[in-house]
Amino acid sequence: MSLDLFENKILNEKLSNLKKIIENYKRAAVAFSGGVDSTFLLYMVNSLLNKSDFIAVTVSSIIRKPEELDKASLFAKKFDIEIIKLETNEIIDDNFRLNKKDRCYHCKKNIYSNLLKLSEERNIPYIFDGTNSDDLNEYRPGLVALKELNIKTPLAESKLNKSEIRELSKKFGLQTWNDISDTCLATRIEYGIPINEMELKKVLLAENFLSNLGFKGFRVRNHLNIARIEFLKDDIKTFFDSEYVTSTDKYFKEIGFKWVTVDIIGYKSGSLNI
């Protein structure tokens with residue numbers, strides 16, 4: 001599909017800038033999670049650079065859902081993109097495990113430091129991250145690590161925001177265009193509660209349970225003994241009007257929570273930062 005097909009002048013300008021940015025860097029390793037932003041970025045890189053001039057790198061970690069890696073691998077296979085799996089173990093680092101408010105900084109510093117070593121071995125001078133312009137206005141200590149390590153953010157550089165990336169993704173036929181944005185499992189755990197395998201698994205099992213019931217766009221916040229579910233507004237009533245309440249309460253307690261609550265305000269991105 002042509003990369004020049006939009007009537008929206010501002011969006012066309014941003015897309016044109018993105019193309020120039022990517023082409024100017026010439027060779028890059030793309031940090032690829034399989035989410036909306038990194039999928040769009042990798043699609044653009046694949047459209048503009050030679051296959052020999054870039055790689056995609058996914059992270060396999062206890063803080064990430066296994067299906068994320070599967071989705072990323074399928075996309076790379078579809079477009080015949082070389083993909084490398086980087087194994088990480090964040091919870092061995094006390095700076096991360098203790099779960100202070102700069103947790104994300106230490107996580108990103110660890111991941112991208114390892115990615116830099118990999119890119120140097122492959123003689124690739126730049127690393128691309130899928131940060132968009134909206135992310136720059138949120139509390140994201142991980143961005144400090146990106147700046148320190150000179151990680152490039154082409155989407156943010158071209159001033160593309162989330163809604164524009166979704167619109168472009170839809171135009172280019174990317175199935176991720178309407179995906180629910182997600183973050184790592186550690187973001188579900190309240191600051192100050194040490195992150196360990198058990199607490200991460202509680203979140204993973206709880207969210208898988210609700211997904212299997214058909215819910216989307218929710219979070220299960222882990223307050224140690226309390227599970228606080230943030231549903232999309234329309235789903236709060238659905239949840240309470242169904243038989244799901246009893247089964248959810250039973251299952252969540254079986255996996256280690258003592259109390260199960262539903263946030264009456266509903267889902268809000270980054271609610272633990274407030």
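Provided above is the structure to which this section pertains.
In this report, the structure presented in the accompanying data block is examined. Every value quoted in this text rests on a predicted model; they were computed, and no experiment measured them. Within every chain, residues take consecutive numbers counted from 1 along the sequence as written. Where local features are concerned, this predicted model is filtered to residues with pLDDT of at least 70; where side-chain atom pairs are given and counted, the filter is 80 or more; whole-chain, interface and lining totals use all residues. Side-chain numbers come from the whole structure's heavy atoms, not from hydrogens or water.

Side note on the nonpolar core
The nonpolar core is taken to be a set of buried Ala, Val, Leu, Ile, Met, Phe, Trp, Tyr and Cys residues, with the residues joined through side-chain atoms within 4.5 Å. Partly exposed describes any residue whose relative accessible area lies between the buried limit of under 20% and the exposed limit of over 50%, with all areas from a 1.4 Å probe on protein chains only and scaled to the type maximum. If you look at the biggest cluster of nonpolar residues, it comprises 31 residues, and the most contacted ones within it are Ile 22, Phe 40 and Met 44. When contributions to this core are tallied by element, the ones reaching two or more residues are α1 (9-25), β1 (28-31), α2 (36-48), β2 (54-60), α3 (66-78) and α8 (162-171). Working definition: helices are DSSP H or I runs of at least four residues, strands are E runs of at least two. Numbering for both runs from the N terminus. Of all the elements, α2 adds the most residues to this core, at 8 residues. With 29 residues, the next largest nonpolar core counts Val 57, Ile 91, Ile 151 and Val 203 among its residues.

A look at the pairing of strand β6 (residues 226-230)
Counting buried residues in β6 gives 4 out of 5 residues, a clear majority hidden from the surface. Strands qualify as paired when DSSP identifies two bridges or more between them. Sheet topology places strand β5 (residues 219-223) next to β6; 5 bridges connect them, and they run antiparallel. Residue His 223 lies in a different strand from β6, and its bridge partner there is Ile 226. Here β5 folds back onto β6, and the loop between the two strands holds 2 residues, one of which, Leu 224, carries a positive phi near 70°. Summarising the sheet, β6 and strand β7 (residues 259-262) pair through 4 bridges and their orientation is parallel. Residue Ala 227 lies in a different strand from β7, and its bridge partner there is Val 260.

What about α3?
Since there are 3.6 residues in each turn of an α-helix, residues three or four apart along the chain are aligned in direction. Residue count minus one, scaled by 1.5 Å, sets the expected span of a helix. Taking 1.5 Å of rise per residue, the 13 residues of α3 would be expected to cover 18 Å, and the 19 Å separating its terminal C-alpha atoms lies within 8% of that figure. Considered for burial, the residues of α3 that qualify are Glu 68, Leu 69, Ala 72, Phe 75 and Ala 76. Along the axis of α3, the buried positions cluster into a sector of 125°, meaning they face one direction only. More than 90 degrees from the buried face of α3, the exposed residues found are Leu 74, Lys 77 and Lys 78. Those residues of α3 that are buried lie in contact with α2, β2 and β3 (83-87). Where α3 terminates, the next one or two residues include Asp 80, which has phi positive at roughly 55°. Think of it as the arc spanned by the lines of direction from the helix axis to the C-beta atoms. Throughout, a contact is declared for two residues whenever any of their heavy atoms are within 4.5 Å.

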